[in-house]
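Now for the letters of each chain:
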Amino acid sequence: MSNEGERLQLGRDKRRRPSDSGNAPDSPDDAGALARFRHRRRQRRAATKARVAAMSGRRRFARRSMIVGTWLLGFVAAGMVAVIGMYYMFTDVPRPETLPVVQVATIEYSDGSTLARIGTEDRTIVHLEQVPQHVRWAVLAAEDRGFYSEPGVSIRGTVRAALTDVTGGNTQGGSGITQQYVKNAYLNNATSLTRKLKELMIAVKLTRNYSKDQILEFYLNTVYFGRGAYGIQAAAHAFFNQDVGKLTVAQGALLAGLLRAPSYYDPANDQTVAQQRWRYVIDGMVKTKHLTQAQELALKFPTTIPPRGNGLGSSGWHSLVVNRVLAELQAHGISEAQVNKRGLTIRTTIDKKAQKAALTAINTTFAHLTKKQRNLKNALTAVDPKTGAVLAYYGGSGPGKKGYDGKVDYNDYAGRGGRPPGSSFKPYTLATVLTQTVKKQEGKQHLAIDSIVDGSYKKKIDGTLIQNDPGDESVSSPQIKLALAMKYSLNTTFDQLAFQAGPDNVADTAHAMGVAEKNSNGTKTLQDRNGHTTFGIGIGDYAVTPLDQAVGFATLDNGGKRNDPYFVQKATASDGEVVYTHHGSAKQAIDKRVANDTTLTLEPIAAWSDDALANGRPSAAKTGTEGITKKGSFDNSDAWMVGFTPQVSASVWVGTGLSKPIFNAAGQPLYGADLPGKTWKLFMDTYLAGKPALKLPSKQLIAANGGKPKPSPTFTPKPTQSKTPKPTFSITSGFPSPTAAPSSSTPYTPPPVPSGSNSATPSCGALLGKPCKSTPAASAGP
């Protein structure tokens, strides 16, 4: 072999593995290497087999699971098909004349005694030909604009509604007239998948067995319009006292608009939202080409007749409570028709003793009005600060009852619409300022209730001249403790504070504490028509309701935790099924230190206003008055008193519902300390009689700029002589004179208020931090 061949052969031998040779190893080292090689090869083969086995096992498991799952789905599908088939085959489509008689629903006080009974049925069946075309199209414009052009049943909509209901989402309505008829006429309010499938099958059967016109006739004869009226004929009589055939386009549109929520859209309860809903229906008729724009412009909102009695509690203040109860249940998916049909027993939060105390306070205080006071309206609400339960609710004389002016007034002044609260809104402004101090927000004043602020009688803010109330010259000063500015209710101080803290921030604080974010008509509260909020919010220029105020002040009492107000504890059907139970929880709206110190400034005010509670019971309160100036004369249009103890927070409003002057018995402008204050005091004393006198905060917790309060600068403002004396109240007992202010180096504590009268002499007292040696002669105060 050549040298070249020898080298190639040698290379092949070196690359050849030991096992390729049939000969035994030439040395012990070769034998060890071979053993190791074979061991590794066995390991690799074993690992490969394990992986293959595992993969095969997973594949087998997957295949078996798929087979089992397929069979299970098949069984479930077969079961559902069987159930659906049974529903389809054995369930009759209900006709209007076969529907069961509506049961009476009972609304109870919190102790189980009867507050109201509702639900007597008014129903007259008519043929579709008797219903004018424009009334039919109005109903379809409101509820199902595609009724004649689309299938009667929406499977997708039904499945979506079922899944949402079963998974706990928002309550879903039916897809249109057909399913609404099935749900309203035959089924209960359950939200199970079974109920949805049953509804679907009955609706399918309905569409197969009856024409669109027949289904529409069924619907119009059974749907609930409110005021106890089932069907379009009964509704025509309940709202317009005439037969359905005589209904105009405007009247038909109003009735059609009621169907979504009858009590809510009833003009007798809230004409503003009723008009908005009416306009929606009219616009729908134009869009569906059943009304021209010219015809639309010529229409006017129709006038309805007063509601007739529909059982115990269908008139007066009872009906206003009933409306709130029904609205709350509606918000939780239980319609008024279902309340009646299932004969619900509804346990409310209204405390019988508290409601009686409210009525006693209203009737006693307003028993002897002068002729000039006959235009007055009033409202009183009370809530439990720890839960939000509405304990008492008086929104006015109510439907079917005449007011002080001899006229029936359907308005609910306690919870709808709202009026400017004046100075009773100032605690929200203070809470905003203290919140910014606690959070040490940059660019904001870090004030505490013992800080010195500007309380000048007149002040220009953002180009606008602001002044305190006439007669407040004696307590106005460019340097005054913030707590005293609250006690004396200095407008210039709180307008400045709102301007510096930010008007929108004040609105946010008030909303967080319990002022509703939207009015009953859906617009946002605490802003003007252009969506702006100005520094006037600091002294209550924007409307709120008495219920808002009771809840907001309750948040102060509850350590800054807000509980949303509620009326319904539980609703039980006649068969014993509990269909609704209230569940609520408090939310931390403001820091508990903010609530503490704000409350501290309100504790002297009831006594300062001559409305202190009986037997020295501690309270925290604030009066409020909204002023109006016309042709150079100064009058008031709204007066408030809001306050609380640890057991109850109550709000009283007096006004006309309009920006018109209100007067006391002497013919002078009415202030919050007068009729509202006396009503509040009488209610609180009556309701709390026999209950323990619980303590309120007694120590300041927030210091300006952090740390301990710093000594305030000494000051001696020049006294000013009042040029315009305070108007005299009908209740002539005077007001206590101010006491010495606490040292600015120690936290503020509410000063005791001795009996006596308000001093008009500014040379001593709490304003100047200089004790008076004697009490001056009495003079009338706010």
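Above this text sits the structure in question.
Residues numbered from 1 in each chain as written. Predicted model: local features only at pLDDT ≥ 70, side-chain atom pairs only at ≥ 80, totals over all residues. Heavy atoms only, no water.

> Just to check I follow, could you spell out the nonpolar core for this structure?
Most often, soluble globular proteins have nonpolar side chains that are buried together. Membership of the largest hydrophobic core comes to 106 residues, with the highest contact counts inside it found for L329, V339, I346, L526, W680 and F683. Non-local contacts of V339, meaning those with residues more than four positions away in its chain, are made with A105, I118, L326, L329, I334, L344 and I346. Counting residues in each nonpolar core, the second largest holds 53 residues, with V135, L140, L220 and L247 among its members. (Core = buried A, V, L, I, M, F, W, Y, C linked by side-chain atoms within 4.5 Å. Buried < 20%, exposed > 50% of the residue type's maximum accessible area, 1.4 Å probe, protein only. Contact = heavy atoms within 4.5 Å.)

> Just checking my understanding: could you explain the pattern of salt bridges for this structure?
A side chain of one charge can pair with a side chain of the opposite charge when the charged atoms of the two come close. Using the criterion set out here, one finds 16 salt bridges in the structure. The partner of E296 in a salt bridge is R279, and the shortest N-O contact between them spans 3.4 Å. Remark: R279 occurs in helix 11 (residues 271-287) and E296 occurs in helix 12 (residues 293-298); sequence separation between them is 17 residues. For E296, a relative accessible area of 12% translates into the label buried. One salt bridge connects K377 with D409, and the closest N-O pair in it is separated by 3.4 Å. Linking K377 in strand 7 (residues 377-383) with D409 in strand 10 (residues 408-409), this pair joins segments that are 32 residues apart in sequence. (Salt bridge = Lys/Arg side-chain N within 4 Å of Asp/Glu carboxyl O. Helix = DSSP H or I, 4+ residues; strand = E, 2+ residues; numbered from the N terminus.)

> What exactly am I supposed to notice about a positive patch on the surface here?
On the surface, R36, R40, R44, R45 and K49 cluster together into a positively charged patch. With respect to the secondary-structure elements, R36 resides in helix 2 (residues 28-90). (Patch = residues over 30% accessible without salt bridge, like charges linked within 9 Å, V, L, I, M, F, W, Y side chains within 5 Å. Areas by Shrake-Rupley, 256 points an atom, 1.4 Å probe, with all protein chains shown as cover. Lys, Arg positive; Asp, Glu negative; His and termini not counted. Charge placed at Lys NZ, Arg CZ, Asp CG, Glu CD.)

> Any chance you could explain helix 7 (residues 212-222) here in plain terms?
For the α-helix, the turn length of 3.6 residues means that residues three or four positions removed from each other point alike. A large share of helix 7 lies buried, amounting to 8 of its 11 residues. Within helix 7, the full set of buried residues consists of I215, L216, E217, F218, Y219, L220, N221 and T222.

> Which parts of the structure should I look at to understand the sheet that holds strand 21 (residues 648-655)?
Strands pair in a sheet through their backbones, by hydrogen bonds, and they do so in one of two ways: parallel or antiparallel. Reading across the sheet, the 5 strands line up as 8-7-21-20-19 and stay open at both edges, with antiparallel pairing between neighbours. The open sheet has two free edges, formed respectively by strand 8 (390-394) and strand 19 (620-630), since each of these has just one partner strand. Taking the axes of each pair of neighbouring strands and ignoring which way they run, one obtains an average angle of 10° across the sheet. Both strand 19 and strand 20 (residues 633-645) contribute to a ladder of 11 bridges, which runs antiparallel. What sits directly across from T629, in strand 20, is F634. (Pairing = 2+ DSSP bridges. Axes fitted to C-alpha atoms, helices over the stretch in contact; angles between N-to-C directions.)

> Hey, could you run me through the sheet that holds strand 6 (residues 345-348) in this one?
As summarised here, the arrangement of the 5 strands in space is 2-1-6-16-17, forming an open sheet in which the pairing is mixed. Two strands lie at the open edges of the sheet, namely strand 2 (114-118) and strand 17 (578-581), each paired on one side alone. Averaged over all adjacent pairs, the angle separating strand axes in this sheet is 15°, with direction ignored. One ladder, built from 3 bridges, connects strand 16 (residues 568-572) with strand 17; its direction is antiparallel. In the sheet register, A571 faces strand 17, and the bridge partner there is Y580. Sheet contacts for helix 13 (residues 316-331): strand 1 (105-108), strand 2, strand 6, strand 16 and strand 17; angle to strand 2, the most-contacted strand, approximately 70°.

> Can you walk me through the layout of surface pockets in this structure?
Empty pockets left among the atoms are what a rolling probe the size of a water molecule brings to light. Space inside the largest pocket adds up to approximately 990 Å³. Residue lining of the largest pocket: 33 residues in total, with R324, A516, K518, L547 and P565 positioned closest to the centre. Broken down by secondary-structure element, the contributors of at least two residues to the lining of the largest pocket are helix 13 and helix 20 (546-557). Of the residues forming the lining of the largest pocket, the biggest block, 4 residues, is contributed by helix 13. Looking at side-chain class alone, the lining of the largest pocket contains 13 nonpolar, 12 polar and 8 charged residues. (1 Å grid on protein atoms, 1.4 Å probe; cavity = no way out; pocket = protein on both sides within 12 Å on 5 of 7 lines; lining within 4 Å. Points joined across faces, edges and corners; volume = space filled by probe spheres on them. Nonpolar A, V, L, I, M, F, W, Y, C, P; charged D, E, K, R; others polar.)

> Got a minute to help me understand the packing of aromatic side chains in this structure?
When we look at a pair of aromatic rings, we describe it by the centre distance and by the angle of the planes. Summed over all chains, the structure comprises 16 aromatic pairs. Ring geometry for F553 and F644: centres 6.5 Å apart, planes at 75°, overall edge-to-face. Within this pair, whereas F553 is found in helix 20, its partner F644 is found in strand 20, the two being separated by 91 residues in sequence. The burial state of F553 is the same as that of F644; both residues are buried. Put simply, the rings of F425, Y428, F553 and F644 touch in pairs and so form one group of aromatic residues. The ring of Y687 is capped by K691, whose NZ or CZ atom sits 5.0 Å from the centre of that ring. (Phe/Tyr/Trp six-rings, centres within 6.5 Å; stacked < 30°, edge-to-face > 60°. Lys NZ or Arg CZ within 6 Å of the ring centre and 35° of its normal.)

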